[in-house]
Amino acid sequence: MKVVVLSLVAAMATLALGYSLSWTITPIVIGLTYAIAALGVSVMARAGQISFGHAMYSCISAYTVAFLARAMPGTDALLLIMAGVVASFLAAIVIGLFVVRYRGIFFGMLNLALSMVLFALLGKLYTLTGGSDGMRIVRPTMAGVLMERESFERALLVLTLVLSLVLAWWVQRYFRSGSGQALSAIKTNETRIEYLGFSAYFIMWKGYLLSAVVVGFSGAILALMQGLVTPEIGSWLRSGEFVFITILGGAGHAAGAFLGAVGFETVKLVSAAYFPGLWQFLLGLTLILVIFMFPTGFVGQVMKRIATRKRDEARARANATLQARVSANTHAPVRN
């Protein structure tokens, strides 16, 4: 309940900031797309599998938005987002069928290889994709209303915040479900899962689909926010940033992706402003410090402290109850 309240408060504060300082809308929305993508990556991280190529689903979604907007001018932004997510889902169905057979470094590198193939194709097919110059997207209507740029960005901010809350709730509910628990169990003992009668392959495949769909939302929103889609959206550097945020925030809770994104964007903006030649060094140093100090990320450290506090409170209650019983037995009258 506390997490829900804090999430709503944070969303309202972010919305107020965006409406009061219009120049913050773009970095806020872009930061939220990174958080949403990291949320998708964290789904597979629950199974101990880190994908270094999940940006390809963001790229697939973004280019679907661009192609559809060019082929069917006047298509609403909401329909474009849904089309991008569906394209990511369909791609994940096919790719996931053989990717989820692998574990560890093979899983991560196979996703990376596929994303680099997509990246190369988008850059080479200039007549179709615009190559490295990308494809521009004419600002569409939002819920049937044609808006000016500022109004459109504000509407997109509201939509992104709502989607962030809904997706975080959806992923966290999945984590607590039977499928989510089984996905976590793959990290500890996959053989035991098989002995219990569950298919580790099918569990991984469902988790992979959910992961791709969530990342697909980030790509579609980013395409509409920028008004431009380039192959860089699917580069391995972008995938690395998603992994960075996931590790920074932790995969123990859906909130970890958003905490990691806040930390990532803060370090990136501050270091780029004050140390423009060292911002990549500072990002790497931050990740090293987090790994050593908080191996389970920000959210893992918070959950650890909450668990410790609850355990201490339970011990205090048990001790108080024991002392009360001892005191009651001591002062009780002795019967002959």
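Residues numbered from 1 in each chain as written. Predicted model: local features only at pLDDT ≥ 70, side-chain atom pairs only at ≥ 80, totals over all residues. Heavy atoms only, no water.

*Asks:* Which residues make up the overall build of the protein, and what values do they have?
*Replies:* In terms of regular secondary structure, the protein is built from 13 helices and two strands. Taken along its principal axes, the extent of the C-alpha atoms in the protein is 100 × 50 × 45 Å. Among the 336 residues that make up the protein, the fraction classed as buried is 46%. Taking all contacts inside the protein whose residues are at least 6 apart in sequence as the whole, residues at least 24 apart take part in 78%. (Helix = DSSP H or I, 4+ residues; strand = E, 2+ residues; numbered from the N terminus. Buried < 20%, exposed > 50% of the residue type's maximum accessible area, 1.4 Å probe, protein only. Contact = heavy atoms within 4.5 Å.)

*Asks:* Tell me about the packing of aromatic side chains, and please be specific about residues and values.
*Replies:* A complete count under the given rule lists eight aromatic pairs for this structure. With a centroid separation of 6.1 Å and an interplanar angle of 20°, the aromatic rings of Tyr 34 and Phe 264 are classed as stacked. With Tyr 34 in helix α2 (residues 25-45) and Phe 264 in helix α11 (residues 255-274), this pair connects stretches of sequence that are 230 residues apart. Each member of the pair Tyr 34 and Phe 264 is classed as buried. Members of the aromatic cluster, each reached through a chain of ring pairs, are Tyr 34, Phe 242, Phe 244 and Phe 264. One Lys or Arg, Arg 46, reaches over the ring of Phe 175 and ends 4.2 Å from the middle of that ring. (Phe/Tyr/Trp six-rings, centres within 6.5 Å; stacked < 30°, edge-to-face > 60°. Lys NZ or Arg CZ within 6 Å of the ring centre and 35° of its normal.)

*Asks:* Explain the side chain of Thr 246 to me, and be specific about the residues and the numbers.
*Replies:* Looking at the element boundaries, Thr 246 is found in helix α10 (residues 236-249). On the basis of relative accessibility, which here comes to 6%, the residue Thr 246 falls in the buried class.

*Asks:* Summarise the pattern of salt bridges; cite the residues concerned and give the values.
*Replies:* This model, assessed by the stated rule, comprises three salt bridges. With a shortest N-O distance of 3.2 Å, Arg 154 and Glu 150 are connected by a salt bridge. Placement of both Arg 154 and Glu 150 in helix α7 (residues 149-176) is noted, with a separation of four residues, approximately one turn of the helix. We classify Glu 150 as partly exposed; its relative accessible area is 45%. (Salt bridge = Lys/Arg side-chain N within 4 Å of Asp/Glu carboxyl O.)

*Asks:* Explain helix α4 (residues 77-99) to me, using residue names and the numbers behind them.
*Replies:* Compared with the 33 Å implied by 1.5 Å per residue over 23 residues, the 32 Å span of α4 between its first and last C-alpha is a close match. At Ile 93, α4 is deflected by roughly 30°, the largest bend along its length. Among the residues making up α4, those that are buried are Ala 77, Leu 80, Ile 81, Gly 84, Val 85, Ala 87, Ser 88, Ala 91, Ala 92, Ile 95, Gly 96 and Val 99. Buried residues along α4 sit against α3 (55-71), α5 (105-124), α7 and α9 (200-226). For α4, the capping residue at the N-terminal end is Asp 76, with a side-chain oxygen 3.0 Å from the backbone nitrogen of Leu 78. (Expected span 1.5 Å × (residues − 1). Bend = angle between axes of the 7 residues up to and from the residue. Polar contact = N/O pair within 3.5 Å; in protein donor to acceptor, adjacent residues only side chain to side chain.)

*Asks:* An account of the packing of α10 against α11 is requested, with residue identities and associated values reported.
*Replies:* Following both chains from N to C, one finds α10 and α11 inclined at 115°, their axes separated by 7 Å at the closest point. Between α10 and α11, the crossing angle belongs to the class labelled roughly perpendicular. Crossing angle aside, the handedness with which α10 passes α11 is right-handed. Here Glu 241, Phe 244, Ile 245, Leu 248 and Gly 249 of α10 come into contact with α11, specifically with Gly 256, Ala 257, Gly 260, Ala 261, Gly 263, Phe 264 and Lys 268. Looking at side-chain class alone, the contact of α10 with α11 contains six nonpolar, four polar and two charged residues. (Axes fitted to C-alpha atoms, helices over the stretch in contact; angles between N-to-C directions. Parallel < 35°, antiparallel > 145°, perpendicular 65-115°, else oblique. Left-handed = near helix turned anticlockwise from the far one by under 90°. Nonpolar A, V, L, I, M, F, W, Y, C, P; charged D, E, K, R; others polar.)

*Asks:* Can you explain the nonpolar core? Please cite residues and give values.
*Replies:* Within the largest apolar cluster, 91 residues are counted, with the highest numbers of intra-cluster contacts made by Tyr 57 and Tyr 208. Residues within four places of Tyr 57 in sequence aside, it is in contact with Ser 88, Ala 91, Ala 92, Ile 95, Tyr 208, Ala 212, Val 215 and Gly 216. (Core = buried A, V, L, I, M, F, W, Y, C linked by side-chain atoms within 4.5 Å.)

*Asks:* Give me the environment of Leu 210: which residues, what numbers.
*Replies:* Position of Leu 210 relative to the elements: it lies in helix α9. As a C-alpha pair, Leu 210 and Val 171 span 39 residues in sequence and 8.3 Å in three-dimensional space. Beyond its immediate chain neighbours, meaning those up to four positions away, Leu 210 contacts Val 43, Trp 170 and Tyr 174.

*Asks:* Talk me through α5; I want residue IDs and the actual numbers.
*Replies:* Because each turn of an α-helix spans 3.6 residues, side chains separated by three or four positions end up pointing in the same direction. Taking 1.5 Å as the rise per residue, α5 with 20 residues should run 28 Å; its terminal C-alpha atoms sit 28 Å apart, in good agreement. Where α5 is concerned, the buried positions are Phe 107, Gly 108, Asn 111, Leu 112, Ser 115 and Leu 122. The buried residues of α5 all sit within an arc of 125° when viewed along its axis, so they share a single face. Away from its buried face by more than 90 degrees, α5 exposes Ile 105, Phe 106 and Lys 124. Those residues of α5 hidden inside the fold are in contact with α2, α3, α4, α6 (126-129), α9 and α10. (Arc of directions from axis to C-beta.)

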